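# Summary of structural features
Below are the chains, spelled out letter by letter.
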Amino acid sequence: MHHRHTQADIVEGRAFRTELPGAPLSIFRMGGFGPLLEGTGQCSGATGMLSMNAAISVFPRTLSNMYVLRIVDPDGKFHTTCRRAWS
């Protein structure tokens, strides 16, 4: 089996407290971004950016994360592989 992967690192981020009307405690909002690193397989040579947006509440206990991966794929290697896998 061939493992193909790309690593990403959040290099810049912020967290801030947000008050919600009627909520017993404030929530924490977090956002960050960073570059793609060390791609292999269909991701070799790919460039791009990972961004994340999160909201965390201690009470009630809640965690919501959204990660967005933007890939620059001028040769179409990743796009071609995804089309075969998801069609």
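A few points on the structure.

Across residues other than glycine, the phi torsion is negative in most instances, and most of the peptide bonds are trans. For the bond running from phenylalanine 59 to proline 60, omega is -5°, close enough to zero to count as cis. Mapped onto the fold, proline 60 is located in the loop between strand S4 (47–57) and strand S5 (62–72).

Secondary-structure assignment places serine 51 in strand S4. Accessibility expressed as a relative area gives 15% for serine 51, which makes it buried. At 2.9 Å, the side chain of serine 51 forms a polar contact with the side chain of arginine 70. Excluding residues that lie within four positions of it along the chain, serine 51 makes contacts with Gly32, Phe33, Met66, Tyr67, Val68 and Arg70.

Criteria and cut-off values
- Residues numbered from 1 in each chain as written.
- Predicted model: local features only at pLDDT ≥ 70, side-chain atom pairs only at ≥ 80, totals over all residues.
- Heavy atoms only, no water.
- Helix = DSSP H or I, 4+ residues; strand = E, 2+ residues; numbered from the N terminus.
- Buried < 20%, exposed > 50% of the residue type's maximum accessible area, 1.4 Å probe, protein only.
- Polar contact = N/O pair within 3.5 Å; in protein donor to acceptor, adjacent residues only side chain to side chain.
- Contact = heavy atoms within 4.5 Å.

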